[in-house]
Amino acid sequence: MALAWLVAAPLLWRSRVPGDLNLPNLDPSDYFNAAELTRAEHYERFLRIDTVLSLVATVIALLVLVRRAPRLARNTGLGPIGAGMIVGMITLVVVWAANLPFAVAARWWDQRYGLANGPWIDWFLEPWAQLGGEVVFVMLQIAIVMLFARRYPRHWWLPATPIFLGLATLALFVSPYLLAFGVHPPKSPALRQDVQTL
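In this report, the structure presented in the accompanying data block is examined. Keep in mind that this is a model prediction, so the values were computed, not measured.

### Examining the overall build of the chain
Part 1 of the reasoning: On a plain count of helices and strands, the chain comes out with six helices and zero strands.
Part 2 of the reasoning: Order of helices (α) and strands (β) in the chain, N terminus to C terminus: α-α-α-α-α-α.
Part 3 of the reasoning: In terms of overall dimensions, the chain is more spread out than a globule: its C-alpha atoms have a radius of gyration of 24 Å, far above the 16 Å expected for 198 residues.
Part 4 of the reasoning: Overall, the chain is about 65 × 50 × 40 Å in size when its C-alpha atoms are taken along their principal axes.
Part 5 of the reasoning: Within the chain, contacts between residues at least 6 apart in sequence are counted, and of these 59% link residues at least 24 apart.
Part 6 of the reasoning: In the structure as shown, the chain presents an accessible area of about 15,800 Å², 70% of it carried by carbon and sulfur atoms.
Part 7 of the reasoning: If you average the places of the 16 positive and of the 12 negative side-chain charges in the chain, the two averages end up 20 Å apart.

### Describing helix 3 (residues 79–112)
Part 1 of the reasoning: Between its terminal C-alpha atoms helix 3 stretches 49 Å, which fits the 50 Å expected from 34 residues at 1.5 Å a residue.
Part 2 of the reasoning: Most pronounced at Leu100, the bend in helix 3 amounts to some 35 degrees, and the proline Pro101 follows within four residues.
Part 3 of the reasoning: Looking at helix 3, one finds that the buried residues are Ala83, Gly84, Val87, Gly88, Leu92, Ala98, Phe102, Ala106, Arg107 and Trp109.

### Quick word on a positive patch on the surface
Part 1 of the reasoning: On the surface, Arg67, Arg68, Arg71 and Arg74 cluster together into a positively charged patch.
Part 2 of the reasoning: Tracing the chain through its elements places Arg67 in helix 2 (residues 34–76).

### Quick notes on the environment of Ala40
Part 1 of the reasoning: If you trace the backbone, Ala40 turns up in helix 2.
Part 2 of the reasoning: Through-space distance from the C-alpha of Ala40 to that of Val56 is 25 Å; in sequence the pair is 16 residues apart.

### Overview of the packing of aromatic side chains
To describe a pair of aromatic rings, you give the distance between the ring centres and the angle between the ring planes.
Part 1 of the reasoning: One pass over the structure, following the stated rule, counts seven aromatic pairs.
Part 2 of the reasoning: A centroid spacing of 6.2 Å and a plane angle of 65 degrees characterise the contact between Phe46 and Trp108, whose relative ring orientation is edge-to-face. Of this pair, Phe46 sits in helix 2 while Trp108 sits in helix 3, and the two are 62 residues apart along the sequence.
Part 3 of the reasoning: Each ring, one from Trp120 and one from Trp123, has its centre 5.5 Å from the other, and the planes form 75 degrees; the classification is edge-to-face. Placement of both Trp120 and Trp123 in helix 4 (residues 120–151) is noted, with a separation of three residues, approximately one turn of the helix.
Part 4 of the reasoning: Given a relative accessible area of 21%, Trp123 falls into the partly exposed group.
Part 5 of the reasoning: Taken together, the ring pairs in this structure connect Tyr43, Phe46, Trp108, Trp109 and Tyr113 into an aromatic cluster.
Part 6 of the reasoning: Over the ring of Trp120 we find Arg107, and its NZ or CZ is 4.9 Å from the ring centre.

### What about a nonpolar patch on the surface?
Part 1 of the reasoning: Judged by side-chain polarity, Leu170, Phe173, Val174, Tyr177, Leu178 and Phe181 come together as a nonpolar surface patch covering roughly 700 Å² of accessible area.
Part 2 of the reasoning: With respect to the helices, strands and loops of the structure, Val174 is situated in helix 5 (residues 157–179).

### Re the side chain of Arg107
Part 1 of the reasoning: Mapping Arg107 onto the fold places it in helix 3.
Part 2 of the reasoning: One buried charged residue, Arg107, forms no salt bridge at all, with the nearest opposite charge on Asp110 at 6.8 Å.
Part 3 of the reasoning: Apart from the residues lying within four places of it in its own chain, the contact partners of Arg107 are Ala116, Asn117, Gly118, Pro119, Trp120 and Trp123.

Parameters at a glance
Residues numbered from 1 in each chain as written. Predicted model: local features only at pLDDT ≥ 70, side-chain atom pairs only at ≥ 80, totals over all residues. Heavy atoms only, no water. Helix = DSSP H or I, 4+ residues; strand = E, 2+ residues; numbered from the N terminus. Rg over C-alpha atoms; globule rule 2.2 N^0.38 Å. Contact = heavy atoms within 4.5 Å. Areas by Shrake-Rupley, 256 points an atom, 1.4 Å probe, with all protein chains shown as cover. Lys, Arg positive; Asp, Glu negative; His and termini not counted. Charge placed at Lys NZ, Arg CZ, Asp CG, Glu CD. Expected span 1.5 Å × (residues − 1). Bend = angle between axes of the 7 residues up to and from the residue. Buried < 20%, exposed > 50% of the residue type's maximum accessible area, 1.4 Å probe, protein only. Patch = residues over 30% accessible without salt bridge, like charges linked within 9 Å, V, L, I, M, F, W, Y side chains within 5 Å. Salt bridge = Lys/Arg side-chain N within 4 Å of Asp/Glu carboxyl O. Phe/Tyr/Trp six-rings, centres within 6.5 Å; stacked < 30°, edge-to-face > 60°. Lys NZ or Arg CZ within 6 Å of the ring centre and 35° of its normal.

Okay, structure coming up:
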């Protein structure tokens, strides 16, 4: 893969946008007044700070887990595979909990700017299904890695790689169908016709 990238990179670097594309020089101030631009900049600044703080909290949570996880794994009494799965689950939950305050702040900020609606309880309960799916998927990955690492300590990645590719392909194939349960068909006949045409 690295060799393919080294071959592809120079070819991609030489690519040019066709010269007959005369893209207009768009200035946001032509379409929005100064107050709207200032408001948008204020909104984005808060979200950038919130994202950076969320990443810092995630790194700190992971650093704490790096120090405490080995002792936790030894004290489970479940053996290496069971302990690895417990530590993996705890890691997911701790990272999710570390990000929760920043997600709450972002939701509050979106609501303040009129970009989020609906009750807070719905917003809070919605990610639980996603977290549950992530936990199941990560637990499966950890179990596969631990099983192969125990059997083939030096070359565990050879049999595990095709399995992970298969799981990733399955997730990509299944996820749109799972997401479709929350999508409602358009009510407007004109919009339905446009969708049908597309």
